[in-house]
Amino acid sequence: MLEILKAVIYGIVEGITEWLPVSSTGHMILLEEIMPMDVSKDFWNMFLVVVQLGAILAVVLLFWNKIFPFKPKEKDVIDMKIMNLWGKILVACVPAGIVGVLFDDWLDEHLYNYWVVSIMLMLVGLVFIIVENHNKGHRATMRNTNAITYRAAAMIGVFQLIAAVLPGTSRSGATIIGALMIGVSRTAAAEFTFYLAIPVMFGASLLKLVKFGLAFSGMELGILLTGMIVSFVVSVIVIRFLMGYIKKHDFKIFGWYRIILGAIVLLYFGVIR
């Protein structure tokens, strides 16, 4: 029961930090240090990725009408605007997808450490503040996801690649910053980031499951399902909050939060531990 309770807490943290641009990796590293799970290393590495499936299902639920292109009850059975959106999503996912398949184990071994995480937390936080200050008073040229061009999608994909390579960057943080820098509105940047997560996280989860195998013990399966269910519920709440928040506010508060968290990670692992 203690491990199930830990899975609940991990699911809460995942559901919050996956969508806010604050780096779920940075938070998971701290949480693991404070409250490690009594599981094998292989299961833990798989859990960190697959628990995100719960968060992804929240996106599918909340944005179903905007991402499902087949409308059997309507005159146009296939919504070509949505099909076009999926084309842009796939373009943006190619760079991170290729690197993830080819270098997943190497990245985990060489870059998954507190130095990289803390530096990227602070650096991306600083960039958030700089970009928002620069954009103040400027009107976005792409104000909804349909206005995002294939060229813009490819550029956002490059920013997502940075997050795939450097833990602590935050996938949502990197893609939102990239989108803001090329003229996408905050709302459209957040939505497109949510959509990008669907193929990226499904692909990453499938890769981890294949490597781990399906020989779960009863306890392992219970831990994984608990984490996924909790992350789903929390994600629904957090996504609704974020979409309402950014209609009236910018992302600078998340930039400052990242800088503070990065300093805490660096201080704890570099000095206290």
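Everything below is about the structure shown above.
The sections below set out a description of the structure shown in this document. Residue indices follow the written sequence of each chain, beginning from 1 at its first position. Totals for whole chains, interfaces and linings use every residue, but because this is a predicted model, local features are given only for residues with pLDDT of at least 70 and side-chain atom pairs only at 80 or more, for both listing and counting. Side-chain metrics in this entry use all non-hydrogen atoms of the structure; hydrogen atoms and water are not considered.

## A look at the overall build of the protein chain
Put simply, the test is: Elements are defined by DSSP. Helices are runs of H or I of four residues or more, strands are runs of E of two residues or more, and each kind is numbered from the N terminus. For this measure, only C-alpha atoms enter the radius of gyration; the expected value for a globule follows 2.2 Å times N^0.38, where N is the number of residues. Each residue is placed in one exposure class: buried if its accessible area under a 1.4 Å probe, protein chains only, is under 20% of its type's maximum, exposed if it is over 50%, and partly exposed if it falls in between. For the accessible areas, the method is Shrake-Rupley and the probe is 1.4 Å, while residue cover comes only from the protein chains on display. By the counting rule applied here, Lys and Arg register as positive and Asp and Glu as negative, while His and the ends of each chain are not counted. Lys charges are placed at NZ, Arg charges at CZ, Asp charges at CG and Glu charges at CD.
A count of helices and strands for the protein chain gives 12 helices and zero strands. Going from the N terminus to the C terminus, the protein chain shows its helices and strands as α-α-α-α-α-α-α-α-α-α-α-α. Relative to the 2.2 N^0.38 estimate, which gives 19 Å for 273 residues, the radius of gyration of the protein chain is 18 Å and therefore close to what a compact globule would have. By principal-axis analysis of the C-alpha atoms, the protein chain measures approximately 50 × 45 × 35 Å. Within the span of the protein chain, comprising 273 residues, buried residues form 50% of the whole. With an accessible surface of roughly 13,400 Å², the protein chain has 70% of that area assigned to carbon and sulfur atoms. Taken as two groups, the 22 positive and 18 negative side-chain charges of the protein chain have centres that lie 14 Å from each other.

## Details of the packing of helix H6 (residues 80-111) against helix H10 (residues 186-212)
Selection rule: Convention adopted: a line fitted to C-alpha atoms gives each axis, helices being fitted over their contacting stretch, and angles between N-to-C directions are expressed from 0 to 180 degrees. Helix crossings get a hand from a simple test, with the near helix turned counterclockwise from the far one by less than a right angle marking a left-handed crossing and a clockwise turn marking a right-handed one. Contacts were defined at the residue level, with two residues in contact if any of their heavy atoms lie within 4.5 Å. Amino acids outside the nonpolar list (Ala, Val, Leu, Ile, Met, Phe, Trp, Tyr, Cys, Pro) and the charged list (Asp, Glu, Lys, Arg) are all regarded as polar, and Gly is one of them.
At a closest axis distance of 9 Å, the pairing of H6 and H10 adopts a crossing angle of 35°. Relative to H10, the crossing made by H6 is right-handed. For the pair H6 and H10, contact is made by Leu85, Trp86, Lys88, Ile89, Ala92, Cys93, Gly100, Val101, Asp104, Asp105 and Asp108 and by Phe192, Tyr195, Leu196, Ile198, Pro199, Val200, Leu207, Lys208 and Lys211, respectively. In the contact of H6 with H10, the residues fall into 13 nonpolar, one polar and six charged.

## Examining a nonpolar patch on the surface
Cut-off, in case you're wondering: The residues that make up patches have over 30% relative accessible area and no salt bridge, and they are joined within 9 Å when like-charged or within 5 Å when they are Val, Leu, Ile, Met, Phe, Trp or Tyr. We define a salt bridge as a contact between a side-chain nitrogen of Lys or Arg and a carboxyl oxygen of Asp or Glu at a distance within 4 Å.
A cluster of nonpolar side chains, Val94, Ile98, Val101, Leu102, Phe103 and Trp106, forms an exposed patch at the surface whose accessible area comes to about 620 Å². Along the chain, valine 94 turns up in helix H6. Classification of valine 94 by relative accessible area gives partly exposed; the value is 45%.

## Regarding helix H8 (residues 150-165)
We count it as follows: Residue count minus one, scaled by 1.5 Å, sets the expected span of a helix. Each C-beta atom gives one direction from the helix axis, and the arc is the one those directions make.
With 16 residues, H8 should cover 22 Å at 1.5 Å per step; its first-to-last C-alpha distance of 23 Å lies within 8% of that length. Within H8, the full set of buried residues consists of Ala152, Ala153, Ile156, Gly157, Gln160 and Ala163. Projected down its long axis, H8 shows its buried positions confined to an angular sector of 145°, all on one face. In this structure, the buried side of H8 is in contact with H6, helix H9 (171-181) and H10.

## Description of helix H4 (residues 52-62)
For H4, a buried count of eight out of 11 residues is recorded, marking the element as mostly surrounded by other parts of the structure. Among all positions of H4, only Gln52, Leu53, Gly54, Ala55, Ile56, Ala58, Val59 and Val60 are buried.

## Section: unusual backbone geometry
Located in the positive-phi region is serine 23, a residue other than glycine, with phi close to 80°. Mapped onto the elements of the fold, serine 23 is located in the loop between helix H1 (2-17) and helix H2 (24-34).

## Details of the packing of H1 against H2
What counts is decided by this rule: Roughly parallel refers to an angle under 35 degrees, roughly antiparallel to one over 145, roughly perpendicular to one between 65 and 115, and oblique to any angle outside these ranges.
Two elements in contact, H1 and H2, have axes separated by 9 Å at closest approach and are oriented at 160°. It follows from the interaxial angle that H1 and H2 lie roughly antiparallel. In the crossing of H1 with H2, the sense of the turn from one axis to the other is right-handed. Where H1 abuts H2, its residues Ile9, Tyr10, Val13, Glu14 and Thr17 lie against Ser24, His27, Met28, Leu31 and Glu32. Residues that form the contact of H1 with H2 fall into these classes: five nonpolar, three polar and two charged.

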